[in-house]
Structure formats: C-alpha cells, structure tokens
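Listed below are the residues making up each chain.
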Amino acid sequence: MSMMSCLPDLNHYIPLKSDTDRLAKCTKVCKQYSNEDERVVKWLRDEFIASVANDFSWRCRYDKKENPLRMIGVASGTGVIEMSVISELLTVFPFIDVTVIEPCRESIDAYKALTEKRKLEFKGVSWNWCQETFQTFSQRNSDRFDFICAIHALYFSPLSELKEQLLTLHEMLDDGGIIFSLHDKGTTCLQQFEKLFPDVNHPLRPSINSDLIKSSLKELSFSYRTIGELETNIEATECLIPGSEDGSCLLDAFIQVVGFTKLSKSDEVQLVQDFLKTEEVSFCLEGRWFVDMSVEMIVINSLK
Ligand SMILES: C[S@@+](CC[C@H](N)C(=O)[O-])C[C@H]1O[C@@H](n2cnc3c(N)ncnc32)[C@H](O)[C@@H]1O
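Residues numbered from 1 in each chain as written. Predicted model: local features only at pLDDT ≥ 70, side-chain atom pairs only at ≥ 80, totals over all residues.

Labelled according to an unreviewed UniProt entry, the protein chain appears under the name Histamine N-methyltransferase, originating from Holothuria leucospilota.

Structural data, given as structure tokens:
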C-alpha cells in the first residue's frame, strides 16, 4: 500500500492551533528540543538593528520618556524571542511602551516573570498585558504603533483570512512604522507533510508560511523585504521512542493536530515516523534525528 492510502484521516483530529493549552504545552516541548531560540537570538544580536536601521530614520521622535516608541507583540508566547527584539530596540530607542497580546495564561505569566527577572536591563520599557487573541484585540483597538513584532504570529487563521490579517496589522502602523515578521519557511517538516498528503483538506490547511505571507503582501501591494533566513531544526528522536510523552507533543506540533499518538492506530504512527525520517524532512547525526524548521524574517513597512 502506498503511504498516501494509509494516511489517517487527520480531518477527524482537533487542529493544534484551536487548542491553546495543548499548543502551549507542545510549543514548550518543541523549545526544549529546538535550536531556534538560540539561533534567532544570535541573529537578532548580530544583524537585526543593521537590517532595519534605515527604517528608523524617524527615530529622533522617540527619545523621551513621555514619548516612547509604541510597540505591540502579537502572539508573544513566553516572550523569550520578543524580549531579545526589545533588547536590541533599546539600543536605539531608550523608552518603549510594549503591549503584549497573548491568549494563553501560562505563557503570559511566564513572560511577566521574565520581565521581572530582567527588570534592570529593561527599565526603559513599560508593559501592557493583554491576555486575548489578536482578533479580539484588533476589534477593540484603534491605537497606532511604530513597531509590530509578529513572531510565529500568523498561523491562527485559514489562508483565506491571511490578507485580512495582514491588512489589520498594517492599519495599526503609524506613519513610518514597521512590522517585523518571523515565520516558518515553505520547506519545513509541516510543509513537507502537507505536500506529501495533499488530500488532507482541513479548513485550517494549508498552514501559513513565509512564502504564503510574501505572496499575500504582493497581492496587497505592501512594501516589504526579506531581511534574513535561518536554518533551524528540532530534534525528533523522541518521536521514535514508544510511550514518550515529549515525543507525543513533538509529533502533535509537527503535524498540527491534538493527541495524534493517543488517538491513532500504531501503523498510522509508524507511517508518520517513517515520513519524519525521509531526507526532505530531516537529517540523522549519530543516531539522532533532526527535522527542518527553518525560518524567514521579513520587514513590512507602512508605505503602500
Ligand atoms: C508558536 S507560538 C509563538 C510564541 C512566540 N512568538 C515565540 O516565537 O516564541 C504561538 C503563540 O500564539 C498564541 N496564539 C494562539 N492563537 C492566537 C491568536 N488567535 N492570536 C494571538 N496569539 C495566538 C499561542 O498561545 C502561542 O503562544
């Protein structure tokens, strides 16, 4: 039988992005096995400010406490990467007013704890916490911002709504403002999975990636540019170990459903494990498997 004919019908599973708690748990496990935070934080330190410096020609507007740079973080999670972005911005803008939008209580609490721990370093920052979705926030908000941080933030609507989401974000920009976007490239494990199993027609598929974001930006005639790409990966060896709780969270994250190992038959799990070991998806180093989760960074500015 071909791989395709054995594929479990994933349309019967809950999409991971509609279960905030499971998503937070799976994201936490992914972070433990991923080199993304480390690689992105290094890139931010070495290249971020130089990449966006020209966009900050208006920066003299924001050098006083009573007139801070106004920023929002969309889908901020636990804030690890976002705080690195803010740390770099602080080298240019001494005062920043940050509005954090994150629906998951556990993640926003972890973010608050991190700001408390690093409060001396971030003393120029004032924080506003919004435990809600971006959709809810944007419906009640009419403020404009100078900087929008959108890191893995655009995966939560179907593709048919992507342009609308980008439009909403863009409308929140003040003149001269920018959106910093970091999302999966079109090459990652999930993208390969969707290509290999195109008969999976869940309304939340295809999942959003930076290629789709760029084509939507083109259709909207928004001004944008790619400022970096990073090869990052997640170690997936645990997914091959029967009964591993971490492996089960990683698998859910890789194929974006809730409870795959618990709800599926063993030959279905085997099929997905075999898929993970294909060369388009992963590489093996000394018996350990690493799946591609590369990311791309795009800057979108307020000009049309
Ligand atoms: C993949 S994580 C990214 C977290 C963080 N930006 C990072 O890269 O570490 C996605 C985050 O989006 C949040 N989220 C889920 N649905 C959302 C929505 N509709 N609006 C805003 N955030 C959402 C999740 O709770 C989760 O923390």
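### Here's the deal with the packing of helix 7 (residues 162-171) against helix 9 (residues 210-219)
Here helix 7 crosses helix 9 at 70°, and the two axes come no closer than 10 Å. As judged from the angle between their axes, helix 7 and helix 9 are roughly perpendicular. For helix 7 against helix 9, the interelement crossing comes out right-handed. Within the contact between the two elements, helix 7 uses Leu162, Lys163 and Leu166 and helix 9 uses Leu212, Ser216, Leu217 and Glu219. Along the lines of polarity and charge, the residues of the contact of helix 7 with helix 9 split into four nonpolar, one polar and two charged. (Axes fitted to C-alpha atoms, helices over the stretch in contact; angles between N-to-C directions. Helix = DSSP H or I, 4+ residues; strand = E, 2+ residues; numbered from the N terminus. Parallel < 35°, antiparallel > 145°, perpendicular 65-115°, else oblique. Left-handed = near helix turned anticlockwise from the far one by under 90°. Contact = placed C-beta atoms within 7 Å. Nonpolar A, V, L, I, M, F, W, Y, C, P; charged D, E, K, R; others polar.)

### As for the site of the ligand
Around the ligand sit 21 residues, and of these Ala75, Gly77, Cys104, Thr133 and Phe134 come closest. Those elements that place two or more of their residues in the shell around the ligand are helix 2 (20-33), helix 4 (80-89) and helix 6 (134-140). Here the element with the most residues in the shell around the ligand is helix 2; it accounts for four residues. When the residues that make up the shell around the ligand are grouped by side-chain class, the tally is twelve nonpolar, eight polar and one charged. (Near = placed C-beta within 6 Å.)

### Some words on the sheet that holds strand 1 (residues 69-74)
Pairing within the open sheet is mixed, and its seven strands lie in the order 3-2-1-4-5-10-6. Each edge of the open sheet carries a strand with a single partner, namely strand 3 (125-130) and strand 6 (224-230). Strand-to-strand, the axes of this sheet are offset by a mean angle of 15°, without reference to chain direction. Pairing between strand 6 and strand 10 (residues 295-301): six bridges, direction antiparallel. (Pairing = 2+ DSSP bridges.)

### Regarding helix 10 (residues 245-255)
Within helix 10, nine of the eleven residues are buried, which leaves the element mostly enclosed by the surrounding structure. Buried within helix 10 are the following residues: Gly247, Ser248, Cys249, Leu250, Leu251, Asp252, Ala253, Phe254 and Ile255. Its buried side turned inward, helix 10 meets helix 2, helix 8 (189-196), strand 7 (233-235), helix 11 (260-263), helix 12 (266-276) and strand 9 (288-292). Of the residues flanking the end of helix 10, it is Gln256, one or two places downstream, whose phi is positive at about 60°. (Buried ≥ 20, exposed ≤ 12 C-beta atoms within 10 Å, placed from the backbone.)

### Concerning the environment of His183
Turning to its location among the elements, His183 is positioned in strand 5 (residues 173-184). Residue His183 is classed as buried on the basis of its 23 C-beta neighbours within 10 Å. The spatial distance from the C-alpha of His183 to the C-alpha of Thr133 is 18 Å, given a sequence separation of 50 residues. His183 has contacts with His152, Leu154, Ile208, Asn209, Ser210, Ile213, Val295 and Glu296, leaving out every residue within four places of it along the chain.

### Observations regarding the pairing of strand 3
Direction of pairing for strand 2 (residues 96-101) relative to strand 3: parallel, over a ladder of six bridges. Bridging across to strand 3, Thr99 finds its partner in Asn128. Handedness of the crossover is the feature at issue here: the chain leaves strand 2, passes through helix 5 (residues 105-117), returns alongside strand 3, and the resulting connection is right-handed. (Right-handed = clockwise from strand over helix to strand, strands pointing away.)

### Regarding the sheet that holds strand 7
Pairing within the open sheet is antiparallel, and its three strands lie in the order 7-9-8. Taken across any chain shown, the strands that pair with only one partner, and hence form the sheet edges, are strand 7 and strand 8 (282-285). Pairs of neighbouring strands in the sheet enclose a mean axial angle of 30°, with direction left out of account. For strand 8 and strand 9, the ladder comprises four bridges, and the chain directions are antiparallel. Bridging from a neighbouring strand, Leu285 pairs with Arg288 of strand 9.

### As for helix 8
Along helix 8, the residues classified as buried are Cys189, Leu190, Gln191, Gln192 and Phe193. In this structure, the buried side of helix 8 is in contact with strand 5, helix 10, helix 12 and strand 9.

### Remarks on the confidence of the model for the protein chain
Summary statistics for the protein chain give a mean pLDDT of 90 and a share of 92% for residues scoring 70 or more. Across the protein chain, the element-wise mean pLDDT spans from 49 in helix 1 (residues 3-6) up to 98 in strand 3. (pLDDT = per-residue confidence, 0-100.)

### A few points about the nonpolar core
With 47 residues, the main nonpolar core has Met71, Val74, Ile96, Phe147, Ile148, Cys149 and Ala150 as its most contacted residues. Broken down by element, the residue count for this core peaks at six residues, all from strand 4 (residues 145-151). Once you skip the residues sitting within four places of it in the chain, Cys149 turns out to touch Met71, Gly73, Val74, Glu82, Val85 and Phe180. Leu16, Cys189, Leu190 and Met293 belong to the second largest nonpolar core, which has 26 residues in total. (Core = buried A, V, L, I, M, F, W, Y, C linked by C-beta atoms within 7 Å.)

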